[in-house]
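Coordinate analysis (summary)
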Amino acid sequence: MEAGWSRMNDLIVIQASQGLCAYVLRNVPNAVTRGIVVGHDHRRYSERWAQLTAAAFVANNVKVYCYSGLVHTPMVPFGVKALKAACGVMITASHNPKQDNGYKVYWENAVQIISPHDSGIAGSIRENLEPITWDFDCLKNSPLCTDRTKELIDAYMARLSDLRSIWTPSNRPPLKFVNTSMHGVSDVFMQRAFEVFGVPPFIPVPEQQLPDPEFPTVLFPNPEEKGAMDLALATANKVNADYVLAQDPDSDRFSAAEKGSDGEWTTFTGDQLGALFASATLQKYKASGKPLDQMAMVASTVSSKMVEAMAAHEGFKFVECLTGFKFIGNTALNLVSEGYEVPFGYEEAIGYMFGSEIRDKDGVAASMMFVELVTALHEQGKSASSHLQELYERYGFFQTSNSYFICNDPPTIDKIFARIRNYDGKASATTSSYPHTIAGLKITSIRDLTLGYDSTNPPTFKSTLPLSSGHMIQFRAGPSSDGTKITLTTRTSGTEPKIKYYLEGSGKNAQSVHDVLQRVTLELGDAWMESDKNRLGMAGGR
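The paragraphs below set out a description of the structure included in this document. Small disclaimer: the values here were computed from a predicted structure and weren't measured. (Residues numbered from 1 in each chain as written. Predicted model: local features only at pLDDT ≥ 70, side-chain atom pairs only at ≥ 80, totals over all residues. Heavy atoms only, no water.)

Time to look at the sheet that holds strand E14 (residues 351–354). One open sheet accounts for four strands, arranged E12-E11-E13-E14; its pairing is mixed. Both edges of this open sheet fall to strand E12 (317–321) and E14, since each of them pairs with a single strand only. Going from strand to strand, the sheet's axes swing by 15 degrees on average, the running direction of each strand aside. Relative to E12, strand E11 (residues 295–300) is paired through five bridges, and the arrangement is parallel. Note on E12: the bridge partner recorded for Ser-300 is Cys-321. Relative to strand E13 (residues 341–347), helix H9 (residues 270–288) is tilted by about 170 degrees, and along the sheet it contacts E11, E13 and E14. Of the strands in this sheet, E11, E12 and E13 are in contact with helix H10 (residues 306–314), which crosses E12 at around 155 degrees. (Pairing = 2+ DSSP bridges. Helix = DSSP H or I, 4+ residues; strand = E, 2+ residues; numbered from the N terminus. Axes fitted to C-alpha atoms, helices over the stretch in contact; angles between N-to-C directions. Contact = heavy atoms within 4.5 Å.)

Okay, here's the thing in structure tokens:
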């Protein structure tokens, strides 16, 4: 949030909004009357930039549905679909540090934009750089600006209620939940959601309950970051809670922790929650009596393969796609057009999609689905952790080990990936030559989404997934003699000086999986990345 072309400021927001408006008017039928849905979070200037966005559309005689007050991000795609709007904009930087803000765009299908609209909008912005208006006072009396906030929030809560299962009351004492909003906007939505589900109120973390753009108690307001949930866990210990729920500041992500019988806390990974949610969704779908071959689930390609294993075992369709809910949501819509029902999708970065009303991640919905799941398990004398072990017994044990290398020199990153594509020096101008083994496991498949290559798709060997804008290669290797397999994805970050890797092992024996992951991590850093030679930093300063 500062002056400059690659920063968030008034001029950039006006130019982006003018370009988006022009593009929407050219490409969406009846866009003038269908309008745009605009929402914002609590960050510095979020409200102002939401108003500037709305003013740019009003200046072009386009109807605008402005949320009054703070909303969580899923309310924008929900509003786009409910109102049949032409597009939507949410002003938020999600879980980024306090100095950041952002501009998230949804298309008329209520999903985040992908190609060709992303490049089309960018071109339209360049064609509309001269500000038409800096004045948003006109919104107060404009007949084009409509506030339907209460109606839409009521409708959202009604749709959330539709996701509930019918519970059978038991004599067990109810579970006790602590919830943190991470200084974000979720508290009021979570309070109402608990009422809708008929659950006793949660206990908030008072220091993090109310929206605060300074995020005073956390360095990074992301439940995934080390230490971010410390206050919530401390609160939970004080009140003897069973579970901690956490949403990120714009409440589209969700995390959870469980107190064990020994008093120690276990924070679930994004993939572990994904497996729990997928299993619960599967059981609900089975109970409906619908044919399983009509159900599909979606996950990003860097997420766990446990749902893939679940699908193979149970007989439903599983599809993976590129990272990000713009791809997960659009993949779900494509599956629906093919006749599938898609009740669940997720990515390992604690993002979860439920039902058909919102094709985007939703932290409030995920929180309530978790509350419902652990409540049902509690009535059976089980916990989320014990149920996860049951799933491992059924589908195999899965363990992830995700991290990153730090490199501030882009040419070095390019050199590293070029070497991986010519690992034995036998590559040609048209053919890459990747590593054949890792940690003693034979590499069985390679998918290079930078080049569009997939070794499992003869005779063309072209990837069915879209190309990645940066470097991205996925390897599968194994099995070993005891059945252990791994999936390793390496990719560059689009926003940070990092080479990220997503590593998962699976097999029948947890210790064997753990040992293989350690060996893979060492070989990845020492041999593939040549971390010492290339002076790569390690996550956590290692």
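On we go from here.
It is a general feature of regular strands that their side chains alternate between the two faces of the sheet. Counting buried residues along strand E3 (residues 87–91), five of its five residues qualify, which places the element largely inside the surrounding structure. Taking every second residue as pointing to the same face, both faces of E3 are buried, with Cys-87, Val-89 and Ile-91 on one and Gly-88 and Met-90 on the other. Here strand E1 (residues 36–40) pairs with E3 via five bridges, running parallel. Bridging from a neighbouring strand, His-40 pairs with Ile-91 of E3. Note that E3 and strand E4 (residues 103–106) share four bridges and pair antiparallel. Paired with Gly-88 across the strands is Tyr-106, a residue of E4. (Buried < 20%, exposed > 50% of the residue type's maximum accessible area, 1.4 Å probe, protein only.)

Looking now at the environment of Lys-500. You can see Lys-500 is positioned in strand E22 (residues 498–507). With 96 residues separating them along the chain, Lys-500 and Tyr-404 place their C-alpha atoms 4.1 Å apart. For Lys-500, the residues in contact, after removing those within four places along its chain, are Ser-403, Tyr-404, Thr-489, Thr-490, Arg-491 and Ser-493.

Strand order in this open sheet of five strands is E4-E3-E1-E2-E5, and the pairing throughout is mixed. Looking along the sheet, the strands with just one partner apiece sit at the ends: E4 and strand E5 (145–146). In this fold helix H3 (residues 46–58) packs onto E1, strand E2 (64–66), E3 and E4, with an angle of close to 165 degrees to the strand it touches most, E1.

Each pocket or cavity is described by its volume, and for the second largest pocket that value is around 960 Å³. Looking at the lining of the second largest pocket, the element that brings in the most residues is H9, giving nine residues. Its residues assigned to classes, the lining of the second largest pocket comprises 18 nonpolar, 10 polar and 14 charged. (1 Å grid on protein atoms, 1.4 Å probe; cavity = no way out; pocket = protein on both sides within 12 Å on 5 of 7 lines; lining within 4 Å. Points joined across faces, edges and corners; volume = space filled by probe spheres on them. Nonpolar A, V, L, I, M, F, W, Y, C, P; charged D, E, K, R; others polar.)

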